[in-house]
Amino acid sequence: MIFDLHSHTYFSDGALSPEALVERAKARGVSVLAITDHDTIAGVDLAHKAAVKAGIQLIGGIEFSSQWGKGGVHIVGLGVSPASPELQAAIDFQEQARAARSLAISERLSRAGFPDALAGAREIAGAGTLGRPHFAQYLVKVGAVKNVNAAFKKYLGAGKPADVKYQWPLMDQVIGWIHAAGGFAVLAHPAKYELTRMKMCALVDAFAAAGGDAVEVISGVQPASLTQDLIKIVNARSLYSSCGSDFHIPDQPWQELGSFGVLPDEAKPVWNLLGF
Ligand code: MN
Ligand code: MN
Ligand code: MN
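Conventions used here
- Throughout, a residue's number is its position along its own chain's written sequence, starting from 1.
- Labels follow written order: the first chain is A, the first ligand is 1, and so on.
- Reporting of local features is limited, given that this is a predicted model, to residues whose pLDDT is at least 70; pairs of side-chain atoms are given and counted only at 80 or more, and all residues count toward the totals for whole chains, interfaces and linings.
- Derived side-chain values reflect all non-hydrogen atoms in the structure, with water molecules and hydrogen atoms excluded from consideration.
- We count a stretch as a helix when DSSP gives it H or I for four or more residues in a row; a strand needs E for two or more, and each element gets its number in order from the N terminus.
- Exposed residues in this analysis have more than 50% of their type's maximum accessible area, buried residues have under 20%, and partly exposed residues fall in between, with area computed by a 1.4 Å probe over protein chains only.
- We call two residues in contact whenever any of their non-hydrogen atoms come within 4.5 Å of each other.
- Donor atoms are limited to N, O and S found within 2.8 Å of the metal ion, a distance that becomes 3.2 Å for Na, K and Ca. With water left out, some sites might look partial.
- By nonpolar core we mean a set of buried residues, namely Ala, Val, Leu, Ile, Met, Phe, Trp, Tyr and Cys, connected to one another through side-chain atoms within 4.5 Å.
- Directions pointing from the helix axis toward each C-beta atom define the arc.
- What marks off one domain from the next here is an automatic or database domain assignment.
- Buried surface area refers to the total accessible area, computed with a probe of radius 1.4 Å, that the two partners give up upon joining, counted for both partners together.
- Here, a salt bridge means any Lys or Arg side-chain nitrogen found within 4 Å of an Asp or Glu carboxyl oxygen.
- Residues are grouped as follows: Ala, Val, Leu, Ile, Met, Phe, Trp, Tyr, Cys and Pro are nonpolar; Asp, Glu, Lys and Arg are charged; all remaining types, including Gly, are polar.
- Two strands make a pair as long as DSSP finds a minimum of two bridges between them.
- Note on method: axes are straight lines fitted to C-alpha atoms, helices fitted across the in-contact stretch only, with angles between N-to-C directions ranging 0 to 180 degrees.

### Points about the environment of Ile41
Thought 1: Tracing the chain through its elements places Ile41 in the loop between β2 (30-35) and α2 (44-54).
Thought 2: Here Ile41 falls in the buried class, since its relative accessible area comes to 13%.
Thought 3: Sequence separation of Ile41 and Val80 is 39 residues, and the distance between their C-alpha atoms is 9.2 Å.
Thought 4: Excluding residues that lie within four positions of it along the chain, Ile41 makes contacts with Gly61, Ile62, Pro82, Leu87 and Ile91.

Okay, structure coming up:
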């Protein structure tokens, strides 16, 4: 059975509708899919209906932005109840924070010579929550830079003209939201924060101390040696392990639905907490 417990739709920064995401997961042999859009559950109901039709199992989820030290980290909530008032309040909180940040970014971009950045980025975001990737895409669209990476290097990244520092809520707060909504908290892609191994271990320690349940030991295609190392770190702290593609858009084979190998036997799978 293939479990893919991290994926995005166009309700955040993914390209597909929930229905198309579920269809693609089914076609790629996924048996259990979690939909985990950034700071929103707007796609969960549609994905549930599509999953019933397709004959696969769906886990409602969300990927919250959180703060650890000076950096951002992502915490996935699996099995959260969409009806939870605590979850809705958390989503509103994040939405307001993102809106304030987007406004500040657009003001900086305006001063840098792009007065229409806010409207332009909003148009690109469509149904999704407006965020930095949409400003990056806007800068590409108007020909200011060649690609999204260059947009971050020149305008949006650390120390650049439209770099707006924002303090996301701390991990214990985010984990509290997820637990209040009946879900389990998973530290997303720990190897992607560009930390030394020692710092990464400190992050996992802090996550465990804040009440976290599991860590993504597989995020998309990665070396088997990294998976083994992460499982060692996670097992030593009695945490569960999760795996997922972090699928956003087709044609990115390194984060394609279901295609990241299987969770090794030494790992304690997070789906045991979810009744599988
Ligand atoms: Mn994303
Ligand atoms: Mn993430
Ligand atoms: Mn993600």
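### Topic: the coordination of the manganese ion (ligand 1)
In an ideal octahedron of six donors the angles at the metal are 90 or 180 degrees, and in an ideal tetrahedron of four donors they are 109.5 degrees.
Thought 1: For the manganese ion (ligand 1), the full set of protein donor atoms is Asp13 (OD), His38 (NE2) and His248 (NE2), at a range of 2.2 Å.
Thought 2: Positions of the donor residues of the manganese ion (ligand 1) along the chain correspond to the pattern D-x24-H-x209-H.
Thought 3: Taken as a pair, the manganese ion (ligand 1) and the manganese ion (ligand 2) show a spacing of 5.5 Å. With Asp13 in the loop between β1 (2-4) and α1 (18-27) and His248 in the segment after β7 (240-244), the pair connects residues that are 235 residues apart, well separated along the chain.
Thought 4: Looking at His248, the relative accessible area reads 13%, which means it is buried.

### A closer look at the nonpolar core
Thought 1: In this structure, Leu5, Val22, Leu33, Phe64, Ile75, Leu78 and Phe207 are the most contacted members of the largest nonpolar core, which totals 63 residues.
Thought 2: Those residues in contact with Leu33 that lie beyond four places of it in its chain are Asp4, Ser7, Leu21, Val22, Ala25, Ile56, Gln57, Leu58, Ile59 and Leu257.
Thought 3: In this structure, Phe114, Leu118, Tyr138 and Ala151 belong to the second largest nonpolar core, which totals 18 residues.

### Examining α2
Thought 1: Here α2 has its buried residues at Val44, Ala47, Ala50, Ala51 and Ala54. The buried side chains of α2 occupy one side of the element, clustering within an arc of 125° when seen end-on. Those residues of α2 that are exposed and angled more than 90 degrees off the buried face are Asp45, Lys49, Val52 and Lys53.
Thought 2: Turning to α2, the residues buried within the fold contact α1, β2 and β3 (57-68).
Thought 3: Positive backbone phi, approximately 75°, marks Gly55, located one or two places after α2.

### Points about the domain arrangement of the chain
Thought 1: Domain boundaries assigned for the chain yield domain 1 (3-85 + 174-272) and domain 2 (91-156).
Thought 2: Listed as interface residues are eleven residues of domain 1 and, on the opposing side, eight residues of domain 2.
Thought 3: Between domain 1 and domain 2 lies a buried interface of about 810 Å² when both sides are counted; carbon and sulfur atoms form 55% of it.
Thought 4: In this structure, Asp39 engages Arg98 in a salt bridge whose closest nitrogen and oxygen atoms are separated by 2.5 Å.
Thought 5: No other element matches the three residues that β3 contributes to the side of domain 1 that touches domain 2.
Thought 6: Among the residues making up the side of domain 1 that touches domain 2, the classes are represented as six nonpolar, four polar and one charged.

### Focus on unusual backbone geometry
Thought 1: A positive phi angle is found at His189, which is not glycine, with a value near 25°.
Thought 2: Tracing the backbone through its elements, the reader meets His189 in the loop between β5 (184-187) and α8 (197-209).
Thought 3: Residue classification places His189 among the buried residues on the basis of a relative accessible area of 8%.
Thought 4: With a phi close to 70°, Asp251 is a non-glycine residue in the positive phi region.

### Structural notes on the sheet that holds β1
Thought 1: The mixed open sheet is built from seven strands, whose spatial order is β1-β2-β3-β4-β5-β6-β7. Edge positions in the sheet fall to β1 and β7, since each has one partner strand and no second. Between one strand axis and the next, the sheet turns through 35° on average, direction left out of account.
Thought 2: Relative to strand β6 (residues 214-219), β5 runs parallel, the two being bridged by two bridges. Bridge pairing in β6 places Val186 opposite Ala214.
Thought 3: Where helix α7 (residues 171-180) meets the sheet, its contacts fall on β3, β4 (71-78) and β5, and the angle it forms with β3 comes to roughly 160°.

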